[in-house]
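# Remarks on the overall topology
Each chain is listed here by its residues.
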Amino acid sequence: MHVTPATARISSSALRHNIQTIKQKAPHSKVIAVVKANAYGHGVEFVSSAIEKDVDCFGVARLSEALKLRSNGITKPILLLEGFFDENDLAVIAVNNIETVVHNQEQLDALQRATLPNPIKVWLKIDTGMHRLGVNLAQVDKFYQALKNCPNVQPNIRFMSHFSRADERQSNYTNLQLERFLSAVNQRGERSIAASGGILFWQNSHLEWIRPGIIMYGISPDNNPDSVQDLAPVMSLISSLIAIRPLKKGEPVGYGGAWQSAKDTNIGIVAIGYGDGYPRDMPTGTPVLINGRRVPVVGRVSMDMLAVDLGAESQDSVGDEVVLWGNGLPIEEIAEKSGLLTYELITKLTPRVLTEYVD
């Protein structure tokens, strides 16, 4: 008997396929590959090394993430998508050839005060309607001139904004944001506004730079697997059956007796639970894939295990592989069942989950 515990199987060939497909969708744009949050749970060292030659820049949320890339030998540009949090970090940013977003007055002031070994490449972030980060439209000219005149800032400032409703294809709000962005920048530099939703659904937003995030990993930003039919899931979350037990009609399974079998059946116990990041409140009926067929999760998910209804005629064996999502079972479907976003599912996996890199 060989049992594989909870494991995220990550495919480099799927990852590279997705990058090439994304580049075909926006053939005139440079690519900022977004690898924040440990490359959306896929392993930032592996992902960045696998695709460095295929992309133009990497996007991260924290300086610690950027330095991790540099320590892993990544030499391509790295962009801090939220900018810097402490003006003492500016020297580190300059020395490590890291680019930064500027989105508020405090960051501008810090840049103007700093004494740096060399100027930094800056992207001015503009709030076009997300109302999260970015300078107001009325402040763009002021910030642009200040950055242009700052000796700590490299010439040829770039511009960025972010869509808030790109996954809503019937809404005109995305076009409104794009119009605001184009008008505010007014041809003064290279631009980026399209992240995953913009890349897939709004071709007119493919400017000089695009920023693929979730779609790079073969997952749809609108929870619809049909939106990414030409992309491949990079992660398959797998585990194994560790026990198979007969269960009589009317008998409960798991804590609280939340589920009782309507018939005689066989129950499979799978070595994964909320201690691995699989949601505790995943509803009964959520599918997993065993030996090519879908079987439902039943009862409450435990910390280390969950139960599935294999059926009375099952021929499964202890040690058989169980796919929780990935190849053959779209994560979008699991997200819909759970009420969570796909982003949450892949980034909440815990360090206990093993990682297996293939291809």
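Here the structure is shown first, and the text comes after it.
Because the structure is a prediction, the values reported are computed rather than measured.

If you add up the space inside the largest pocket, you get close to 940 Å³. Lys36, Tyr40, Arg132, His162 and Tyr343 are, among the 37 residues lining the largest pocket, the residues nearest its centre. Those elements giving two or more residues to the lining of the largest pocket turn out to be helix 2 (36–41), helix 9 (196–201) and helix 11 (342–347). Per-element tally for the lining of the largest pocket: the top contributor is helix 11, with 4 residues.

Before going further, it helps to spend a moment on the packing of helix 6 (residues 105–113) against helix 7 (residues 140–148). Between helix 6 and helix 7, the least distance of the axes is 10 Å, while the angle of their chain directions is 15 degrees. With respect to each other, helix 6 and helix 7 are oriented roughly parallel. Helix-helix and strand crossings are classified by hand; for helix 6 and helix 7 the assignment is left-handed. Contact residues: Gln105, Leu108, Leu111 and Gln112 in helix 6; Lys142, Phe143, Ala146 and Leu147 in helix 7. Here the contact of helix 6 with helix 7 is composed, by residue class, of 5 nonpolar, 2 polar and 1 charged.

What the 8 strands build is a closed barrel, ordered 2-3-4-5-6-7-8-9; its pairing is parallel. Where helix 8 (residues 173–185) meets the sheet, it contacts strand 7 (158–160) and strand 8 (191–194), and its direction lies at approximately 175 degrees from that of strand 8.

Looking now at the nonpolar core. Among the nonpolar cores identified, the biggest contains 108 residues, and Val35, Ile51, Leu111, Met216, Val308 and Trp325 are the most heavily contacted of them. Ranked by residue count, the leading element in this core is helix 7, at 5 residues. The contacts of methionine 216, once residues within four sequence positions are left out, are Leu15, Asn18, Ile19, Ile22, Ala33, Val34, Val35, Val47, Ile51 and Val234. Leu247, Trp259, Ile269 and Ala307 belong to the second largest nonpolar core, which has 7 residues in total.

Summed over the entire model, instances satisfying the criterion amount to 2 cavities of 30 Å³ or more. In this structure, the largest cavity occupies an estimated 40 Å³ of space. If you trace the largest cavity, you find it lined by Lys125, Ile126, Asp127, Thr128, Met130, Arg132, Leu133, Ser161 and His162. Looking at the lining of the largest cavity residue by residue, the classes come out as 3 nonpolar, 3 polar and 3 charged. As a volume, the second largest cavity reaches approximately 40 Å³. Lining of the second largest cavity is provided by Ile93, Ala94, Asn97, Ile98, Glu99, Asn118, Pro119, Ile120, Lys121 and Gln154. Secondary structure elements with two or more residues in the lining of the second largest cavity: helix 5 (90–95) and strand 5 (98–102). Residues that form the lining of the second largest cavity fall into these classes: 5 nonpolar, 3 polar and 2 charged.

Running from amino to carboxyl end, helix 1 (residues 12–25) crosses helix 3 (residues 44–51) at an angle of 55 degrees, the nearest separation of the two axes being 10 Å. Classed by the angle they form, the pair helix 1 and helix 3 counts as oblique. Between helix 1 and helix 3 lies a crossing of right-handed hand. Contact residues: helix 1 offers Ser12, Leu15, Arg16 and Ile19, while helix 3 offers Phe46, Val47, Ala50 and Ile51. A class-by-class count of the residues in the contact of helix 1 with helix 3 yields 6 nonpolar, 1 polar and 1 charged.

Conventions adopted
Residues numbered from 1 in each chain as written. Predicted model: local features only at pLDDT ≥ 70, side-chain atom pairs only at ≥ 80, totals over all residues. Heavy atoms only, no water. 1 Å grid on protein atoms, 1.4 Å probe; cavity = no way out; pocket = protein on both sides within 12 Å on 5 of 7 lines; lining within 4 Å. Points joined across faces, edges and corners; volume = space filled by probe spheres on them. Helix = DSSP H or I, 4+ residues; strand = E, 2+ residues; numbered from the N terminus. Axes fitted to C-alpha atoms, helices over the stretch in contact; angles between N-to-C directions. Parallel < 35°, antiparallel > 145°, perpendicular 65-115°, else oblique. Left-handed = near helix turned anticlockwise from the far one by under 90°. Contact = heavy atoms within 4.5 Å. Nonpolar A, V, L, I, M, F, W, Y, C, P; charged D, E, K, R; others polar. Pairing = 2+ DSSP bridges. Core = buried A, V, L, I, M, F, W, Y, C linked by side-chain atoms within 4.5 Å. Buried < 20%, exposed > 50% of the residue type's maximum accessible area, 1.4 Å probe, protein only.

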